[in-house]
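One letter stands for each residue in the lines below.
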Amino acid sequence: MYKFLLSLLCACLSIGCKTQSSENKNQYLTDSASIAEGKNLFELNCSGCHSFDRDGIGPNLSGVTQTVSYEMVIDFITNPQKVVDSGDERAAELLRKYKVVMPAFAHMEKDSIDKIAAYLHTQKTKAKAEEIDSLALSNPIPDSILFSDLVMNLKPWVKIPSSSDEMPRTRIIKIEFTKNNKQAFVLDQRGKLYVVQNEKPEVYLDMSAMRSHFINKPGFATGFGNFAFHPDFNKNGLLYTTHSEAPAKARADFSYADSIKVTLQWVLTEWKTQQPHAIPFEGEGRELFRIDMVTGIHGVQEINFNPLAKKSDDDYGLLYIGIGDGGGTENGFPFLVNARDAIWGTILRINPSGKNSKNGHYGIPSSNPFAKSSSVKTNPEIYAYGFRNPHRFTWSKQGVMLGCSIGHHAIESLYIIKPGRNYGWPIREGSFLINPAGNMHYVYPLPDDDSLFHITYPVAEYDHNEGSAISLGYEYTGNKVPNLNGKLFITDIPTGKLFYINMADIQEGKKAPIYKFKIAIDGKVTNIVDLVGSKRVDARFARDRYGELYLFNKPNGMIYKVVP
């Protein structure tokens, strides 16, 4: 469900929770229909982080209801932050360990929460106390990231309408500006793409109205994943989107053995409009491909065209697609990742107007690194592979492609992306060894024979003492705030911590220093948690066509412009 909640529950095994009374045990639903529905809800909402036979993002949950009271199970599912704020010692201990409280399920009906608890109660085997591995690195990156003297000044720009009464009020994740900068398109994962004109947002495309099987639950990475306008949109009217649907709504182009569960599917769609300037969008969509996913995490969260490519360039009009591993590794299927015959954990590059793909709906660029492979199992769409979650990528003004990968329990990474490269997951997390068949909480030093694996390592990274989920922003290329020149800006999504890296320090084979910085509103330094109004910040950067930066967040839906 989310790692903090059930990590806390399981932690009671090792920090002395008393066994439940018979009275508490009798509060769990026991009828088979409730348990079956609880299993379905668990697989949709929880299985991305938890299982009953191994640790994943969160711990093995077997036996949790045997040592934690029914009331505590319900309270933590409903609102973990409230339990933390109450001063509960166990909550404080786990918060220190996991660094962040994941979202609550307060929106879920009590009946559904009871059914999840009922299913948990059927998993009777006690979880074993975590064993300490003497070879593991307890502090992979000992040096702390220090604050620089940079203060980024912000000005409130536009507030996006709330899409929920619960936190976060919005799930805005991307902003894209038109070439003349007169319009900005803002995506809310719950299903709506807004267009902002004269600082006023209105709905441009409603995915739930366009696709009846669209789902945006259980949250995580699900919903309206991303969008990208074709560089010739004003002439050809082509728009590309990704969204999630419930499983088995159509045959997947990329699937796996039917013995492995499918929690949902991700769909890449090309939309065609005859009126590129019309608001709202009016057009028809055709499906380019569909992918089965083991869980709801690490979906298809990034699509983009190279904004620097000219019509004479090979890269012009080619669509890059970041595909996460779908939680397959944490759920015991690491063989789905880091293989050229698998599509999960990759960055793809396709020609949407071509037809030489296996399904005939798009093209394979001849310059792709595996386009001429003699192996029939190789997916020629693959541009680079070995990612857990290639959450965002961008291009520097020098034309270098940069990408980030959200880590597991230890390392957040930034990479220079080059064709055909292997970036290591799931046998590497950042520049450290990880064992996908063992306890994935641990990372280790690289082995002596590491060069045999031909893995490309990060050009910058930080560990979970500093944050927990990286989101790559942009290099500043504007001229209104000169002291930002030459810097690449990054956020840590849950904590809202803000970082920058000097572009001159980003070199393959080296680790660039990372710096923290502060923010201000109208010159007054402030705290980002207070600014956003939530301890989970969900902050990201955007950049307009003039190179100026914007900072936005999910909880209050406010977009701030970076100003002198």
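All values derive from a computational prediction rather than experimental measurement.

**Q** Where do I start with the overall build of the chain in this structure?
**A** Across its full length, the chain carries ten helices and 27 strands. Compactness check: the chain gives a C-alpha radius of gyration of 23 Å against a globular reference of 24 Å for 564 residues, within 12% of the reference. Per-residue burial over the chain gives 60% buried out of 564 residues. Taking all contacts inside the chain whose residues are at least 6 apart in sequence as the whole, residues at least 24 apart take part in 66%. Roughly 23200 Å² of accessible area belongs to the chain as shown, and the carbon and sulfur atoms make up 49% of that amount. Of note, the chain has its 63 positive side-chain charges centred 4 Å away from the centre of its 61 negative side-chain charges.

**Q** Could you clarify how one ought to interpret the confidence of the model for the chain in this entry?
**A** The predicted coordinates should not be examined in detail at positions where pLDDT is low. Per-residue pLDDT for the chain has a mean of 90; in total, 90% of the residues score no lower than 70. Confidence drops under pLDDT 50 across residues 1-19; counting only partners more than four residues distant or on other chains, this segment forms 73 contacts.

**Q** Help me understand the pairing of strand β21 (residues 487-492) in this model?
**A** The two faces of the sheet receive side chains in turn, since in a regular strand these alternate between them. In terms of burial, β21 is largely enclosed, as six of its six residues are buried. Burial of the side chains of β21 extends over both faces: K487, F489 and T491 are buried on one face and L488, I490 and D492 on the other. Note that strand β20 (residues 470-475) and β21 share four bridges and pair antiparallel. Opposite S471, over in β21, you have T491 as the bridge partner. Sheet topology note: the β21/strand β22 (residues 498-502) ladder contains five bridges and is antiparallel. Bridge pairing links L488 to I501 in β22. In sequence, β21 turns back onto β22 through a hairpin of five residues, with G496 there showing a positive phi of about 75 degrees.

**Q** I keep staring at the packing of aromatic side chains and nothing clicks. Help me out?
**A** Under the criterion given, the structure shown has 30 aromatic pairs. When the centroid spacing of 6.1 Å and the interplanar angle of 75 degrees are considered together, the rings of F333 and F335 count as edge-to-face. You can call F335 exposed: its relative accessible area is 54%. Arranged with centres 5.2 Å apart and planes meeting at 25 degrees, the rings of Y500 and Y515 form a pair that is stacked.

**Q** Sorry, what's going on with helix α7 (residues 110-121) here?
**A** Helical periodicity: at 3.6 residues per turn, an α-helix aligns residues three or four positions apart in one direction. The first and last C-alpha atoms of α7 sit 16 Å apart over twelve residues, in line with the 16 Å expected at 1.5 Å per residue. Most of α7 is tucked away: ten of the twelve residues are buried.

**Q** Explanation requested: the sheet that holds strand β9 (residues 284-293) in the structure shown.
**A** Within a sheet, adjacent strands bond to each other through the backbone by hydrogen bonds, running parallel or antiparallel. One open sheet holds the four strands; their spatial order is β6-β7-β8-β9, and the pairing between them is antiparallel. Bordering the open sheet on either side are β6 (224-229) and β9, each of which pairs with just one other strand. Pairs of neighbouring strands in the sheet enclose a mean axial angle of 15 degrees, with direction left out of account. In terms of strand pairing, β6 meets strand β7 (residues 238-245) through five bridges, oriented antiparallel. Of the residues in β7, the one forming a bridge with F224 is H243.

**Q** Would you take a moment to explain the sheet that holds strand β10 (residues 302-305) for this structure?
**A** Sheet architecture is open: four strands sit in the order β10-β11-β12-β13, paired in antiparallel fashion. The open sheet is flanked by β10 and β13 (382-385), the only strands paired with a single partner. Going from strand to strand, the sheet's axes swing by 20 degrees on average, the running direction of each strand aside. Pairing between β10 and strand β11 (residues 319-323): four bridges, direction antiparallel. Looking at the pairing, F305 lines up with L319 of β11.

**Q** Even after reading the chapter, I still don't get the nonpolar core, so can you show me in this structure?
**A** The nonpolar side chains of soluble globular proteins are, as a tendency, buried together. With 37 residues, the main nonpolar core has I291, L319, I321 and W344 as its most contacted residues. Going through the elements one at a time, β7, β8 (264-272), β9, β10, β11, β12 (346-350) and β13 are the ones with two or more residues in this core. With four residues, the single largest contributor to this core is β9. Ranked by size, the runner-up nonpolar core spans 23 residues in total, among them F489, F517, A539 and Y560.

**Q** Before we go on, may I ask you to explain the pattern of salt bridges in this structure?
**A** A complete count under the given rule lists 16 salt bridges for this structure. Of the charged contacts, one joins K311 and D232 as a salt bridge, the two residues approaching to 3.7 Å between their closest N and O atoms. Taken together, the residues K311 in the loop between β10 and β11 and D232 in the loop between β6 and α9 (233-236) connect sequence positions 79 residues apart. Given the relative accessible area of 57%, K311 is considered exposed.

**Q** What's the story with unusual backbone geometry in this structure? I'm lost.
**A** Excluding glycine, a negative phi dihedral is what most residues carry, and trans is how most peptide bonds are arranged. The step from K217 to P218 runs through a cis peptide bond, and the omega angle for that step is 15 degrees. Positionally, P218 belongs in the loop between α8 (207-210) and β6. Cis geometry marks the peptide bond from W425 to P426; its omega dihedral reads 15 degrees. Tracing the backbone through its elements, the reader meets P426 in the loop between β16 (411-416) and β17 (428-429). Within the chain, E199 stands out as a residue other than glycine whose phi angle is a positive 65 degrees. If you trace the backbone, E199 turns up in the loop between β4 (192-197) and β5 (200-206). Despite not being glycine, N338 shows a phi value in the positive range, around 60 degrees. Structurally, N338 is set in the loop between β11 and β12. Since its relative accessible area comes to 22%, N338 is described here as partly exposed.

**Q** Could you clarify how one ought to interpret the side chain of H243 in this entry?
**A** Structurally, H243 is set in strand β7. Assessed through its relative accessible area of 0%, H243 is described here as buried. Those residues in contact with H243 that sit more than four places away from it in its chain are M207, R211, F214, G223, F224, G225, Q265, W266, V267 and T269.

**Q** It is not clear to me how helix α3 (residues 32-45) should be interpreted in this structure. Could you clarify?
**A** The end-to-end C-alpha distance of α3, which contains 14 residues, comes to 20 Å, matching closely the 20 Å that a straight helix rising 1.5 Å per residue would cover. If you check which residues of α3 are buried, you get S34, G38, L41, F42 and N45. Each buried residue of α3 sits inside an arc of 100 degrees when the element is viewed along its axis, so together they form one side. Opposite its buried face, α3 presents the exposed residues S32 and A33, each directed more than 90 degrees away. Buried residues along α3 sit in contact with α7.

Rules and cut-offs
- Residues numbered from 1 in each chain as written.
- Predicted model: local features only at pLDDT ≥ 70, side-chain atom pairs only at ≥ 80, totals over all residues.
- Heavy atoms only, no water.
- Helix = DSSP H or I, 4+ residues; strand = E, 2+ residues; numbered from the N terminus.
- Rg over C-alpha atoms; globule rule 2.2 N^0.38 Å.
- Buried < 20%, exposed > 50% of the residue type's maximum accessible area, 1.4 Å probe, protein only.
- Contact = heavy atoms within 4.5 Å.
- Areas by Shrake-Rupley, 256 points an atom, 1.4 Å probe, with all protein chains shown as cover.
- Lys, Arg positive; Asp, Glu negative; His and termini not counted.
- Charge placed at Lys NZ, Arg CZ, Asp CG, Glu CD.
- pLDDT = per-residue confidence, 0-100.
- Pairing = 2+ DSSP bridges.
- Phe/Tyr/Trp six-rings, centres within 6.5 Å; stacked < 30°, edge-to-face > 60°.
- Expected span 1.5 Å × (residues − 1).
- Axes fitted to C-alpha atoms, helices over the stretch in contact; angles between N-to-C directions.
- Core = buried A, V, L, I, M, F, W, Y, C linked by side-chain atoms within 4.5 Å.
- Salt bridge = Lys/Arg side-chain N within 4 Å of Asp/Glu carboxyl O.
- Arc of directions from axis to C-beta.

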